[in-house]
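Structure assessment
So you can see what is in the structure, the chains are spelled out below.
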Amino acid sequence: MSGELSESFMVSSDSPLVVEVTRGRLVESRHRGAAVVSDGEGAILARWGEVDRPVFARSAVKPIQALPLIETGAAEGFELGDAELALAAASHVAAPEHLAELERWMARIGVGVGDLECGVHPPLDAGTAAALAREGRAPSALHNNCSGQHLGFLATAIHEREPKRGYIGRDHPVQRRVRAVLSAYVGRDLGSASEAIDGCGIPTLALPLTALARAMARFARPEGLGPARAAAAGRLWAAIVNRPDMLAGSGRVNTQLIEAGRGGLIVKGGYEGVYLAALRARGIGVALKIEDGAKRAAEAAIAALLVRLGALTDGTPACVPAELLNCANRPVGSVRVRWPEPRA
């Protein structure tokens with residue numbers, strides 16, 4: 001089996017992993033979580049906590065949601081490059097380089113900011129937010145961290161000669177294609193999956209971590225899904241590892257981890273403490289959820305898990321759990337992950 005792990009890693013525990021934040025000698029905070037490592041056939045290679053409980057993957061599943069952009073021929077038809085394809089799977093920070101690529105993309109497909117149905121929030125990039133404040137301008141939908149994904153939806157609808165308006169609705173052909181490709185990757189019918197609305201307005205499905213890890217394993221090794229789907233996944237993989245700066249931004253955890261993986265790793269996080277990862281060489285997927293939705297715990301846990309898996313080949317990025325520094329840059333504690341003991 002390509003995804004086999006060392007015997008020391010193979011664990012089966014109903015107990016959750018725990019992320020501890022210490023200050024001095026005391027544990028100041030604890031965050032509980034669940035995680036699973038799977039191959040593309042659904043075999044569980046390692047697990048911690050309640051991995052069968054459905055969770056909303058949120059933005060962590062964007063790489064799979066972006067695949068119809070390539071599968072329909074829209075990416076080729078509009079001559080989209082690595083930057084646009086990575087943005088289609090991104091939760092970007094609206095840094096100047098992101099906005100420049102998004103504006104060029106809009107012009108190429110003939111849409112404007114008013115066509116985006118993702119809503120508006122302040123840019124996550126501090127420099128962009130400060131520039132807007134200085135100029136007395138309000139943020140637009142283009143500053144939304146999901147605007148690249150929504151441009152991908154629009155590009156697909158335009159290529160397929162479908163209505164642009166309402167592309168976020170569950171019954172629009174764009175979202176039907178997204179559900180179909182996600183169903184193929186998780187290996188199950190999603191008709192009975194619990195559904196809600198994500199922050200950017202699109203449907204979000206609740207799936208067990210086991211199914212999400214299997215989907216990411218198939219994203220790493222999609223050959224069993226047919227040549228067309230494998231080619232699309234390979235094209236998107238190449239775009240993301242070539243332009244990890246577009247997937248998130250400088251200094252962001254997703255970007256740091258992908259850079260450290262040197263082409264063999266894709267990582268994507270989502271709100272409320274979810275992370276998914278795909279490891280190409282082993283053909284395995286990882287899914288993780290922090291119960292209380294804490295971002296710092298999710299980032300620490302996914303980084304520590306990827307270190308444990310030996311997936312980071314280009315040194316240890318700054319996001320891996322380590323010392324906790326205060327405002328004077330002095331160590332005052334640590335962030336660490338506690339793995340439960342294997343079940344007897």
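As a starting point, this report considers the structure included with it. The shown structure was predicted, so the numbers you read here are calculated from the model rather than taken from an experiment.

1. Let's talk about the nonpolar core
Trp105, Phe219 and Leu306 are the most contacted members of the largest nonpolar core, which totals 113 residues. Looking at which element gives the most residues to this core, the answer is helix α13 (residues 295–308), with nine residues. Once you skip the residues sitting within four places of it in the chain, Phe219 turns out to touch Pro63, Leu67, Tyr185, Ala233, Leu236, Trp237, Ile266 and Ala278.

2. Notes on the sheet that holds strand β6 (residues 195–197)
The sheet built from three strands is open, its strands ordered β5-β7-β6 with antiparallel pairing. Each of the sheet's edge strands pairs with one partner strand only, and the pair in question is β5 (54–56) and β6. Recorded for the sheet is a direction-independent mean angle of 35° between the axes of neighbouring strands. Relative to strand β7 (residues 203–208), β6 runs antiparallel, the two being bridged by three bridges. Paired with Glu195 across the bridge in β7 is Leu205. Running over the sheet, helix α9 (residues 209–220) touches β5 and β7 and is turned about 105° from β7.

3. What about the side chain of Thr255?
Inspection of the secondary structure assignment puts Thr255 in helix α12 (residues 253–261). Overall, the relative accessible area of 2% leaves Thr255 in the buried class. Among the polar contacts made by the side chain of Thr255, one reaches the main-chain amide nitrogen of Gly249 at a distance of 3.1 Å. Beyond its immediate chain neighbours, meaning those up to four positions away, Thr255 contacts Pro244, Asp245, Ala248 and Gly249.

Criteria and thresholds
- Residues numbered from 1 in each chain as written.
- Predicted model: local features only at pLDDT ≥ 70, side-chain atom pairs only at ≥ 80, totals over all residues.
- Heavy atoms only, no water.
- Core = buried A, V, L, I, M, F, W, Y, C linked by side-chain atoms within 4.5 Å.
- Buried < 20%, exposed > 50% of the residue type's maximum accessible area, 1.4 Å probe, protein only.
- Helix = DSSP H or I, 4+ residues; strand = E, 2+ residues; numbered from the N terminus.
- Contact = heavy atoms within 4.5 Å.
- Pairing = 2+ DSSP bridges.
- Axes fitted to C-alpha atoms, helices over the stretch in contact; angles between N-to-C directions.
- Polar contact = N/O pair within 3.5 Å; in protein donor to acceptor, adjacent residues only side chain to side chain.

Note that all results are geometric; they support no functional claim without further evidence.
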